[in-house]
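Chain residues, written in single-letter form:
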Amino acid sequence: MALQGNRRFQFQIRRSSAEQDNSWLWGWANHQSGLPASVLEACTRIKEIGDQRGMREFVEPKFGLGTITDHMLAMLCGALVDRSCYYRAPYPDGALFLLLEKLPASIRAPVAAERVNTVLMQVVSNFEVDHRAMAESFLRQQGFTVKAEPAMISATREADGAEVRLAFDAQQRIAKVEGVIKPREVKKPWWKPW
């Protein structure tokens, strides 16, 4: 069980990364740790998926990171076993990656309209991702109806009236982000008619 403030989360151990040789070691392959099988279930399921689909990175006990980063693997693993969040727990010369389970609904709730543009830019600034694929996926996950054109994505969210427009450069990187946020209706107190 992982703790954050007064919140507690169930977790599964995915793997650890070592900074000195920039490698990834799967939790199921770390025999020295003596981890119980109960915290390795998701990790073992990922290995099974790798066996079925011929994905080398999911079946090799340890391999070097490069083009594929530890954060990319953590995000992909979360999606493969339907656990969207992970936590990077750093330790000297490495980090342990945990898949968080049984999260409150508020964690997966759509972000407020005023944060959509910020989140998009934070992701492309901090992670090496396909800008266009990430933006389309994120917007759909956030409840937007997405209209994709060769150099632009337009998206609207009926729930709050939010609108987002993304322009892409020739390399399909985000070049411009615009958004429209509908002001929230403020109700007057019943005793104040003016």
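Residues numbered from 1 in each chain as written. Predicted model: local features only at pLDDT ≥ 70, side-chain atom pairs only at ≥ 80, totals over all residues. Heavy atoms only, no water.

(A) How the structure looks around the sheet that holds strand 10 (residues 174-180). With antiparallel pairing, four strands are arranged side by side in an open sheet as 7-8-9-10. Of all the strands in the sheet, the pair left with one neighbour each is strand 7 (145-149) and strand 10. With strand direction ignored, the average angle separating the axes of adjacent strands in the sheet is 10°. Pairing of strand 7 with strand 8 (residues 152-157), which is carried by five bridges, proceeds in the antiparallel orientation. Looking across to strand 8, one finds that Val146 is bridged to Ala155. Relative to the sheet, helix 5 (residues 116-126) contacts strand 8, strand 9 (162-168) and strand 10, its axis offset from that of strand 10 by approximately 165°. (Pairing = 2+ DSSP bridges. Helix = DSSP H or I, 4+ residues; strand = E, 2+ residues; numbered from the N terminus. Axes fitted to C-alpha atoms, helices over the stretch in contact; angles between N-to-C directions. Contact = heavy atoms within 4.5 Å.)

(B) Focus on helix 6 (residues 131-141). Considered for burial, the residues of helix 6 that qualify are His131, Arg132, Met134, Ala135, Glu136, Phe138 and Leu139. Among the structural elements, helix 5, strand 7, strand 8, strand 9 and strand 10 are those in contact with the buried residues of helix 6. Backbone geometry just downstream of helix 6 places Gly143 in the positive-phi region, at approximately 90°. (Buried < 20%, exposed > 50% of the residue type's maximum accessible area, 1.4 Å probe, protein only.)

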